[in-house]
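# Structural features, examined
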Amino acid sequence: MSLAVSWSAANARRSERQFLRTPARPGEAGPGQVVDAMLAAQAQVMSAAELSVGLRMDGATRQDVREALWGEEPSLVKTFGPRGTIHLLPTAQLPFWTGALSAIPSGPNPFKAEARLTPPQTEEVVSAIGEALDGKQLTIDELNDEVLARTGPWAGDLVMPAFQGMWPRWRSVMHLAGHRGALCFAPNRGRKVTYTRPPVSEDPPLSAEEATERLVRRFLYAYGPATPREFAKWAAAPGGWAAELFVSLASTGEIEAVEMEGAGARDGAGAVAGGKPGAYVVAGDMEFPEEPVRGVRLLPYFDAYVIASHPRERLFPGRAYERALAGGQAGNFPVLLVDGVVAGVWHQRRAGRRLTVTVEPLERLAAGRRRELEEQVERVGEVLEGKAELVVGEVTVGAHA
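Worth saying up front: this structure is predicted, and the values here are computed from it rather than measured. (Residues numbered from 1 in each chain as written. Predicted model: local features only at pLDDT ≥ 70, side-chain atom pairs only at ≥ 80, totals over all residues. Heavy atoms only, no water.)

### Describing the overall build of the protein
Along its length, the protein carries 15 helices and 16 strands. Rg of the C-alpha trace for the protein: 22 Å, near the compact-globule value of 21 Å for 401 residues, within the 12% margin. Residues classed as buried in the protein amount to 51% of the 401 residues present. Residue pairs at least 24 apart in sequence account for 66% of intrachain contacts in the protein once pairs closer than 6 positions are excluded. For the protein, the exposed area adds up to about 18500 Å²; of that, 50% sits on carbon and sulfur atoms. In the protein, 44 side chains carry a positive charge and 49 a negative one; their mean positions are 6 Å apart. (Helix = DSSP H or I, 4+ residues; strand = E, 2+ residues; numbered from the N terminus. Rg over C-alpha atoms; globule rule 2.2 N^0.38 Å. Buried < 20%, exposed > 50% of the residue type's maximum accessible area, 1.4 Å probe, protein only. Contact = heavy atoms within 4.5 Å. Areas by Shrake-Rupley, 256 points an atom, 1.4 Å probe, with all protein chains shown as cover. Lys, Arg positive; Asp, Glu negative; His and termini not counted. Charge placed at Lys NZ, Arg CZ, Asp CG, Glu CD.)

### Overview of the environment of Ser 75
Examined against the element boundaries, Ser 75 turns out to sit in the loop between helix H4 (62–70) and strand S3 (76–80). Look at Ser 75 and you get partly exposed, because its relative accessible area is 28%. For the pair Ser 75 and Leu 355, spaced 280 residues apart in sequence, the C-alpha separation works out to 29 Å. Residues contacting Ser 75, with those up to four places away along its chain left out, are Gly 32, Ala 68, Leu 89, Pro 90 and Thr 91.

### Some words on the packing of aromatic side chains
Within the structure shown, the criterion is met by 11 aromatic pairs. Judged by centre distance (5.7 Å) and plane angle (50 degrees), the ring pair of Phe 231 and Phe 246 falls under tilted. In this pair, Phe 231 is assigned in helix H10 (residues 228–235) and Phe 246 in helix H11 (residues 239–251), connecting sequence segments 15 residues apart. Phe 246 carries the same exposure label as Phe 231, and that label is buried. Seen in terms of ring centroids, Phe 246 and Tyr 280 are 5.5 Å apart; in terms of plane orientation they differ by 75 degrees. Their pairing is edge-to-face. Here the residue Phe 246 occupies a position in helix H11, and Tyr 280 occupies one in strand S11 (residues 279–282), the gap between them amounting to 34 residues. (Phe/Tyr/Trp six-rings, centres within 6.5 Å; stacked < 30°, edge-to-face > 60°.)

### A look at the packing of helix H6 (residues 119–133) against helix H7 (residues 140–150)
Direction vectors running N to C along H6 and H7 enclose 125 degrees, while the axes themselves pass 9 Å from each other. Between H6 and H7, the angle is such that the two are oblique. Handedness of the crossing formed by H6 with H7: right-handed. Counting all contacts with H6, which are made through Glu 124, Val 125, Ala 128, Ile 129, Glu 131, Ala 132 and Leu 133, the residues of H7 involved are Leu 143, Glu 146, Val 147 and Arg 150. Residue classes in the contact of H6 with H7 are distributed as 7 nonpolar, no polar and 4 charged. (Axes fitted to C-alpha atoms, helices over the stretch in contact; angles between N-to-C directions. Parallel < 35°, antiparallel > 145°, perpendicular 65-115°, else oblique. Left-handed = near helix turned anticlockwise from the far one by under 90°. Nonpolar A, V, L, I, M, F, W, Y, C, P; charged D, E, K, R; others polar.)

### Points about helix H1 (residues 7–17)
Helical periodicity: at 3.6 residues per turn, an α-helix aligns residues three or four positions apart in one direction. Across the 11 residues of H1, 9 count as buried, placing the element largely inside the fold. Three or more residues of H1 are buried, namely Trp 7, Ala 9, Ala 10, Asn 11, Ala 12, Arg 13, Arg 14, Ser 15 and Arg 17. In the segment just after H1, Phe 19 is the residue with positive phi, at about 60 degrees.

### Side note on a negative patch on the surface
Residues Asp 64, Glu 67, Glu 72 and Glu 73 make up a contiguous surface patch of negative charge. For Glu 73, a relative accessible area of 75% translates into the label exposed. (Patch = residues over 30% accessible without salt bridge, like charges linked within 9 Å, V, L, I, M, F, W, Y side chains within 5 Å. Salt bridge = Lys/Arg side-chain N within 4 Å of Asp/Glu carboxyl O.)

### So, the nonpolar core
One finds Phe 231, Trp 234 and Phe 316 to be the most contacted residues of the largest nonpolar core, which totals 104 residues. Ranked by residue count, the leading element in this core is helix H9 (residues 208–223), at 7 residues. Excluding its chain neighbours within four sequence positions, the residues that come into contact with Phe 231 are Leu 215, Val 216, Phe 219, Trp 241, Ala 242, Leu 245 and Phe 246. Judged by nonpolar contacts, the second largest core, of 17 residues, contains Leu 55, Leu 365, Val 380 and Leu 384. (Core = buried A, V, L, I, M, F, W, Y, C linked by side-chain atoms within 4.5 Å.)

### Let's talk about the sheet that holds strand S16 (residues 387–392)
With mixed pairing, 5 strands are arranged side by side in an open sheet as S12-S13-S14-S15-S16. The open sheet has two edge strands, strand S12 (296–299) and S16, and neither has a second partner. Averaged over all pairs of adjacent strands, the angle between their axes in this sheet comes to 30 degrees, without regard to strand direction. Sheet topology note: the strand S15 (residues 354–361)/S16 ladder contains 6 bridges and is parallel. Bridge pairing in S16 places Thr 356 opposite Glu 389. (Pairing = 2+ DSSP bridges.)

### Section: the side chain of Arg 62
Its location among the elements puts Arg 62 in helix H4. One polar contact links Arg 62 to Glu 385, side chain to side chain, over a distance of 3.0 Å. Beyond its immediate chain neighbours, meaning those up to four positions away, Arg 62 contacts Glu 50, Arg 350, Val 383, Leu 384 and Glu 385. (Polar contact = N/O pair within 3.5 Å; in protein donor to acceptor, adjacent residues only side chain to side chain.)

### Overview of the pairing of strand S7 (residues 165–168)
Direction of pairing for strand S6 (residues 158–162) relative to S7: antiparallel, over a ladder of 4 bridges. What sits directly across from Leu 158, in S7, is Pro 168. Between S6 and S7, which pair antiparallel one after the other, the connecting turn spans 2 residues.

### What to know about the pattern of salt bridges
Counted according to the given criterion, the structure contains 22 salt bridges. The closest approach of N and O atoms between Arg 369 and Asp 339, which form a salt bridge, is 2.6 Å. Residue Arg 369 is located in helix H15 (residues 367–383), and its partner Asp 339 is located in the loop between strand S13 (335–338) and strand S14 (341–351); the two are separated by 30 residues in the primary sequence. A relative accessible area of 21% places Asp 339 in the partly exposed class.

And the structure:
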């Protein structure tokens, strides 16, 4: 008979392993190790990524994260990560990530046939990007010139719909170049984004099989118990592929099924023996905290905890499901956590060093909770190197504002 895991126990373990229950003490874990515990930190909005990491470290500021990215011995790299979105990844784990991200099957090509690259063209462009960025830091325009010089004018055809016009054909595989270790972000040159090639590891990229199997185990360690469907959603991978991968790992004893409260209600892919819906953990990883999560936390846009944790209905209970999700998608609103579940949304506005943090609780906060919230707002200010002021009231801006 499989172990029965309550939502409270699973949530407490996720919080504990991600330094949300207790931030890492100085010397216990640096930014690279904290991001590794999160598995990856989404970074389209860099200030949100700095908050995600900084709030998990006692006394850290955004400067600690920037030093980990751009310092002499970087422990983080900014590149295209899971779901093809921009993430911070641990530098030490690049051989693993390069193998895993390259091996995840992609979905249907979103571009029209006339805009797509052929497989040989894709390989030529990725190779050209890596060569152009080796030892250099280039803006997108400079990289464009280098890629076209190494490929041909066909790569520069303006066929990709963009925000204010059309982009050249070769840019459709920038995320793939990131996944293969040919491209990552470099420090901005003024207001211009620049790119470079990631540091070369002494360890070669893991094979596709080894990397994807490790990715499942790493995901389950950080966010389990979880179903194949939940893993597939996080990785933007085909559900069938994920289900087969879980079955394979379960058959070799690498992962095992548990009865997760709320899991499988709408998820036939998470089947256990006998066809009973369920979730999985790493084999033998059966210890869960006895005490539930307590306390108040503020998490920024796209925090890994809210994106990867399931079931959604338990993490976003009641009114939170409508208020803090955008069409069921997590991450578009910064959230207020009370005792480990979403209990409101928030927004910060900056003017110089002054930060006005507006928090909209979905239920009235008792005096003790209010004091904890004030401490969290103060901590947000410390991480962002500003002076934060709390305003309790309605958040009037929309998702991802």
